[in-house]
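# Per-entry structural report
Residue strings, one per chain:
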Amino acid sequence: MLVAFELSGEHETLPKAEVLASLNALRIVYDAKMFLKGILVIDAQIRPETLAVLANRLGMTHRIYEVNGMSEPAEDAILAMVKNATVYKFMEKGSTFALRVPKNNSYPEKKALIAQVGALIKGKGYEVNLSNPSNIFVLLLTEQTCFFCLLLHSKDKKRYEARKPQFRPFFSPGVILPKVARALVNLSGIEENELFLDPFCGTGGLLIEAGMIGARVVGLDVQEQMVRGTAENLNFYGLTGALMVGDAAKTALKDNCIDAIATDMPYGRSSLIVRAGFTPSLERLFPIALAEIHRLLKPDGKAVIVSNFPYSHSPGHFFRVLETYVYRVHKSLNRYITVLEKA
């Protein structure tokens, strides 16, 4: 079936990459069909229970749909598409429906279009119920295409809002928001019960998101108060993990023991790591930390690195650069996201 993902608009390509990485992590075979503004469409046979796991996993997707028709975004074409659509395959006898168009859509005659399309579906023998419908149909309109869809899953935005860093027992300014942290975890390709590491865990934001999708988490930080705070935050969400105070450039972990890594590298004067009695510069910290990350990862394992400067290849680390993104935090701060794979 054709499945459409309505993506969040805070980044042009990162939400799409998160969906594709999550499909791969769940071992869902798919064929990417099209990527229009904010809409990703794939062709895949996904069981309902697997789709529910995927929906719960994603951070930067608003809604997931089954596509039941496509047309040009012109009124006549849309009405013809809906008239020919086989809505009965979704609707049992006596089922009710609601029809919606996303609020951010700028279709000039949206209300009139909803009324006409709703009348067509009602003409097939189904009643409208706006408060508690059996099925919700949606018209996804882009400049090039209109998709006639059945809503499968809608993400509750409040669940990420409720996990904002300031609502945790232990808080430190400047940490990644939960929705972005979830996307970074998903980019790492971590699977359920696999071992996930954040070697600069800070207050544990990435570990929380990894733990919530079923990964076993390991956190490391040079500051004891951060490790204690991370333990408190994990416990607050009913999660556990192996946490250590230590140097991310020289851990006690075995070679090739970690399935996936995601980390927000230290930046700014207050974030420098004290190591062997001295404080190295960030330029010096970056390559030695990458070398340790490479040692710890299993073959073909992925590391998602967030830093305040673009990634540059370091000789001897043998990483493949898979993806790079620039994420704007605010006017004066960009964060650079690099997805690496151990060669």
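In case you missed it, the structure is sitting above this.
Residues numbered from 1 in each chain as written. Predicted model: local features only at pLDDT ≥ 70, side-chain atom pairs only at ≥ 80, totals over all residues. Heavy atoms only, no water.

### Some details on the overall build of the protein chain
When helices and strands are tallied, the protein chain shows nine helices and 15 strands. Taking all 343 residues of the protein chain together, the buried fraction comes to 52%. When the accessible area of the protein chain is evaluated, it comes to approximately 16,600 Å², of which 52% is carbon and sulfur surface. Side-chain charges of the protein chain comprise 40 positive and 34 negative groups, with the mean position of each set lying 3 Å from the other. (Helix = DSSP H or I, 4+ residues; strand = E, 2+ residues; numbered from the N terminus. Buried < 20%, exposed > 50% of the residue type's maximum accessible area, 1.4 Å probe, protein only. Areas by Shrake-Rupley, 256 points an atom, 1.4 Å probe, with all protein chains shown as cover. Lys, Arg positive; Asp, Glu negative; His and termini not counted. Charge placed at Lys NZ, Arg CZ, Asp CG, Glu CD.)

### Thoughts on the nonpolar core
Ranked by internal contacts, the top residues of the largest apolar core, which has 32 residues, are Leu184, Leu187, Phe196 and Ile337. Within the residue set of this core, elements represented by two or more residues are helix 1 (14–25), helix 6 (178–187), helix 7 (205–212), strand 12 (258–264), strand 13 (297–307), strand 14 (319–330) and strand 15 (333–342). The element that contributes the greatest number of residues to this core is helix 6, accounting for six residues. In contact with Ile337, other than residues within four places in its own chain, are Leu14, Leu184, Leu187, Val304, Ile305, Val306, Glu323, Thr324, Tyr325 and Tyr327. (Core = buried A, V, L, I, M, F, W, Y, C linked by side-chain atoms within 4.5 Å. Contact = heavy atoms within 4.5 Å.)

### A short note on helix 8 (residues 224–236)
The first and last C-alpha atoms of helix 8 sit 19 Å apart over 13 residues, in line with the 18 Å expected at 1.5 Å per residue. Those residues of helix 8 that are buried lie in contact with helix 7, strand 10 (216–221) and strand 11 (242–245). Positive phi shows up at Gly238, right after helix 8, with a value of about 75 degrees. (Expected span 1.5 Å × (residues − 1).)

### Concerning the sheet that holds strand 9 (residues 195–198)
With mixed pairing, the seven strands of this open sheet are ordered in space as 11-10-9-12-13-15-14. Looking at the sheet topology across the chains shown, the edges are occupied by strand 11 and strand 14. On average, adjacent strands in this sheet sit at an angle of 15 degrees to one another, irrespective of strand direction. Two strands pair when backbone bridges link them, and strand 12 and strand 13 are joined in this way by six bridges, in the parallel orientation. Note that in strand 13 the partner of Thr263 across the bridge is Ile305. (Pairing = 2+ DSSP bridges. Axes fitted to C-alpha atoms, helices over the stretch in contact; angles between N-to-C directions.)

### Focus: the pairing of strand 15
Of all ten residues making up strand 15, eight are buried, and the element is well covered by its neighbours. Here strand 13 pairs with strand 15 via six bridges, running antiparallel. Note on strand 15: the bridge partner recorded for Ile305 is Thr338. Here ten bridges tie strand 14 to strand 15, and the two strands are oriented antiparallel to one another.

### Considering the sheet that holds strand 4 (residues 61–71)
Taking strand neighbours across the sheet as the criterion, the eight strands line up as 2-3-1-4-8-7-5-6 in an open arrangement whose pairing is mixed. Single-partner strands in this sheet number two, and they are strand 2 (30–36) and strand 6 (127–128). Here strand 1 (residues 2–7) runs beside strand 3 (residues 39–44); their pairing, made up of five bridges, is antiparallel. Counterpart to Glu6 in the pairing with strand 3 is Ile39.

### Here we look at the state of the cysteines
A covalent bond between the sulfur atoms of two cysteines is what we call a disulfide. This structure, assessed with the given rule, holds zero disulfides. Free of any disulfide, Cys146 has its nearest neighbouring cysteine sulfur in Cys149, separated by 8.0 Å. In this structure Cys201 is not part of a disulfide, and its nearest cysteine sulfur, from Cys257, lies 16 Å away. (Disulfide = S-S within 2.5 Å.)

So yeah, pure geometry; function would need other evidence.
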